[in-house]
Amino acid sequence: MKRVVVGLSGGVDSSVTAHLLKEQGYEVIGLFMKNWHDDSVTISNECPWLEDSNDAMIIAQKLGIPFQVVDLSEQYKERIVDYMFDEYEKGRTPNPDVLCNREIKFDVFMDIALKLGADYVATGHYCRKAEEEVNGEIVYKLLTGKDNNKDQSYFLCQLSQEQLAKALFPIGDLTKPKVREIAKEADLITAEKKDSQGLCFIGKVRLPEFLQQKLQPKEGEIVQIPNDFSQYTKSIPRFENKEAELKYFSTKFYYIKEDGKVVGKHQGAHYFTKGQRKGLAVGGTKEPLFVIETDVEENIIYTGEGKNHAGLYRNVLFVSNEEIHWIREDLALQVGDTMEVEARIRYRQQLEKATLYQFKEGLYVCFDNKQSAIQEGQFVAWYKNEELLGSGVIS
């Protein structure tokens, strides 16, 4: 009998995951990951992890499986929280959930599971796994979840073949309503429980407040850049080759204070990210202002009026070689190669047509349509026919 360790989070998805595995005849062990108990960074008065670990324990009792709480808060602080503060301080936008899967659930947590003699680790992600023989070797594929509203493959875009080999995603073929239905039929207390928002395992985090506890406020100016700013309308040079063209279009706009007018004050450029609308508190414009760039050196936030402001859009982005990650190592591009794919730069985004170009310096992702708020530090993930092939950190 194969042994599976399930990351029980106290939510409905992981509860049903454990239930289904048990029905399929696996020996199931439930582990709850405690990833946060740093009281110096308070998040809210409620303590979600206590409630969640309690729910997880009740589910384990109901299913008659062994249960344990593992404390990973030290690794979580080191690998996720410190990285987040560090990235925000540099004016980049990290994605802690992607990292949490790569560094915590499928690394630290997986090690614990394997020490418990597990053959597999299972999570309640809405995605699927398949395998295929390529040149006599088994290759694992990460496929999108069947429920389009819920597909979570993006969060797993940094997994490796070794990690996928040991992973199971039992609810990837189901829709969310179906998962709730199964939970009800099995009489699981989490059947009606609301989905958790916020960072994985930190609970109900409001990011600016979270950041303000570590990054000191520093008053600066909000500058509005007009829609007809000269850089948006300048004529496009002639390029000697494709690489020069892609480099040109992947370069973001740079602003100085004199390019626009000062319209307000803020408490720290590092609290803001590109594309953000909330928290600017500047009135008097017909359409809302959006952050189009932050300058953490000069502590200036550049904004533009309306969500169609030219400063928000680009159609090419660059990923440096050390940040490229192929789940399908057998399909990795060599210098000079191109590949037509579909890609996204954030979790809830529809897949968009794009072409990958691999050069000596790194990889360009060229979208057919311009994308809003391409932000350094975020992950771009590329797909072909429902399969996530690889990803990279936007430079």
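Residues numbered from 1 in each chain as written. Predicted model: local features only at pLDDT ≥ 70, side-chain atom pairs only at ≥ 80, totals over all residues. Heavy atoms only, no water.

What follows covers the confidence of the model for the protein chain. In the predicted model, the protein chain carries a mean pLDDT of 92, and the fraction of residues at 70 or more is 93%. Here residues 200–204 is modelled with pLDDT under 50, and outside its nearest four sequence neighbours on either side it reaches 22 contacts, counting other chains as well. (pLDDT = per-residue confidence, 0-100. Contact = heavy atoms within 4.5 Å.)

Quick look at the sheet that holds strand 2 (residues 27–34) now. Pairing is parallel in the open sheet, where five strands are placed in the order 3-2-1-4-7. Either end of the sheet is taken by a strand with one partner, and the two such strands are strand 3 (67–71) and strand 7 (167–168). Looking at chain direction, strand 1 (residues 3–7) and strand 2 are connected through five bridges and run parallel. Bridge pairing in strand 2 links valine 5 to isoleucine 29. (Pairing = 2+ DSSP bridges. Helix = DSSP H or I, 4+ residues; strand = E, 2+ residues; numbered from the N terminus.)

Turning next to helix 3 (residues 73–89). For helix 3, the principal kink sits at valine 81 and spans about 25 degrees. Residues Ser73, Tyr76, Ile80, Val81, Tyr83, Met84, Phe85, Glu87 and Tyr88 constitute the buried set of helix 3. In the stretch just after helix 3, glycine 91 is the one whose phi turns positive, near 80 degrees. (Bend = angle between axes of the 7 residues up to and from the residue. Buried < 20%, exposed > 50% of the residue type's maximum accessible area, 1.4 Å probe, protein only.)

Right, let's get into empty space enclosed by the protein. Overall, the coordinates contain one cavity of 30 Å³ or more when judged by the stated rule. What the largest cavity holds in volume is close to 60 Å³. Considering the residues around the largest cavity, the lining is formed by Lys252, Phe253, Tyr255, Lys274, Ile292, Glu293, Gly311, Leu312, Tyr313, Arg314 and Ile374. Listing elements by their share of the lining of the largest cavity, those giving two or more residues are strand 10 (289–295) and strand 12 (313–320). Residues that form the lining of the largest cavity fall into these classes: six nonpolar, one polar and four charged. (1 Å grid on protein atoms, 1.4 Å probe; cavity = no way out; pocket = protein on both sides within 12 Å on 5 of 7 lines; lining within 4 Å. Points joined across faces, edges and corners; volume = space filled by probe spheres on them. Nonpolar A, V, L, I, M, F, W, Y, C, P; charged D, E, K, R; others polar.)

Across all of its chains, the model carries 14 aromatic pairs by this definition. Look at phenylalanine 318 and tyrosine 364: their rings are 4.7 Å apart centre to centre, the planes differ by 45 degrees, and that puts the pair in the tilted class. Placement of phenylalanine 318 in strand 12 and of tyrosine 364 in strand 16 (residues 362–372) is noted, with a sequence separation of 46 residues between them. Comparing phenylalanine 318 with tyrosine 364, the two get one shared label, buried. Chaining the aromatic ring pairs together yields one cluster made of Phe229, Tyr232, Phe253, Tyr255 and Tyr302. (Phe/Tyr/Trp six-rings, centres within 6.5 Å; stacked < 30°, edge-to-face > 60°.)

Turning next to unusual backbone geometry. Most of the time, phi is negative for any residue but glycine, and the peptide bond is trans. Even without glycine at this site, asparagine 135 takes up a positive phi of about 50 degrees. In this structure, asparagine 135 sits in the loop between strand 5 (127–134) and strand 6 (137–144). At glutamate 386, a residue that is not glycine, the phi angle is positive and equals roughly 70 degrees. Note on placement: glutamate 386 falls in the loop between strand 17 (379–384) and strand 18 (387–393).

Turning our attention to the sheet that holds strand 8 (residues 220–224). Strand order across the open sheet formed by four strands is 9-8-11-10, with mixed pairing between neighbours. Each having just a single partner strand, strand 9 (261–266) and strand 10 make up the two edges of the open sheet. The average angle at which neighbouring strand axes cross in this sheet is 30 degrees, direction not considered. (Axes fitted to C-alpha atoms, helices over the stretch in contact; angles between N-to-C directions.)

Turning to the pattern of salt bridges, a few remarks are in order. In total, this model carries 24 salt bridges according to the counting rule given. Among the ionic pairs, aspartate 52 bridges to lysine 193, the shortest N-O distance being 2.8 Å. Of this pair, aspartate 52 sits in helix 2 (residues 48–63) while lysine 193 sits in the loop between helix 6 (176–185) and helix 7 (207–212); the two residues are 141 residues apart in sequence, bridging distant segments of the chain. Each member of the pair aspartate 52 and lysine 193 is classed as buried. With a closest N to O distance of 2.7 Å, lysine 252 and glutamate 376 form a salt bridge. With lysine 252 in the loop between helix 9 (242–250) and strand 9 and glutamate 376 in the loop between strand 16 and strand 17, the pair connects residues that are 124 residues apart, well separated along the chain. The pair formed by lysine 252 and glutamate 376 is uniform in burial state, with each residue classed as buried. Here the salt bridges do not stand alone but share partners, grouping Arg79, Arg102, Glu103 and Asp107 into one network. (Salt bridge = Lys/Arg side-chain N within 4 Å of Asp/Glu carboxyl O.)

Quick look at the packing of helix 3 against helix 4 (residues 96–115) now. Orientation of helix 3 relative to helix 4, taken along the N-to-C sense of each, is 165 degrees, at an axis distance of 10 Å. Here helix 3 lies roughly antiparallel to helix 4, going by the angle between them. In the crossing of helix 3 with helix 4, the sense of the turn from one axis to the other is right-handed. From helix 3, Gln75, Tyr76, Arg79, Ile80, Tyr83 and Met84 reach across to helix 4, where they touch Pro96, Leu99, Cys100, Glu103, Ile104, Asp107 and Val108. Looking at the contact of helix 3 with helix 4 residue by residue, the classes come out as nine nonpolar, one polar and three charged. (Parallel < 35°, antiparallel > 145°, perpendicular 65-115°, else oblique. Left-handed = near helix turned anticlockwise from the far one by under 90°.)

Here the focus is the nonpolar core. Counting 55 residues, the largest nonpolar core has Phe109, Leu142, Tyr154, Phe169 and Phe379 as its most contacted members. Secondary-structure elements contributing two or more residues to this core are strand 2, helix 3, helix 4, strand 6, helix 7, strand 10, strand 17 and strand 18. If you tally residues by element for this core, the top one is helix 4, at nine residues. Setting aside residues up to four positions removed in sequence, leucine 142 forms contacts with Cys127, Arg128, Ser153, Leu156, Leu164, Phe169, Ile327, Glu386, Glu387 and Leu388. Grouped together as the second largest cluster of nonpolar side chains are 26 residues, Leu20, Leu21, Tyr126 and Leu174 included. (Core = buried A, V, L, I, M, F, W, Y, C linked by side-chain atoms within 4.5 Å.)

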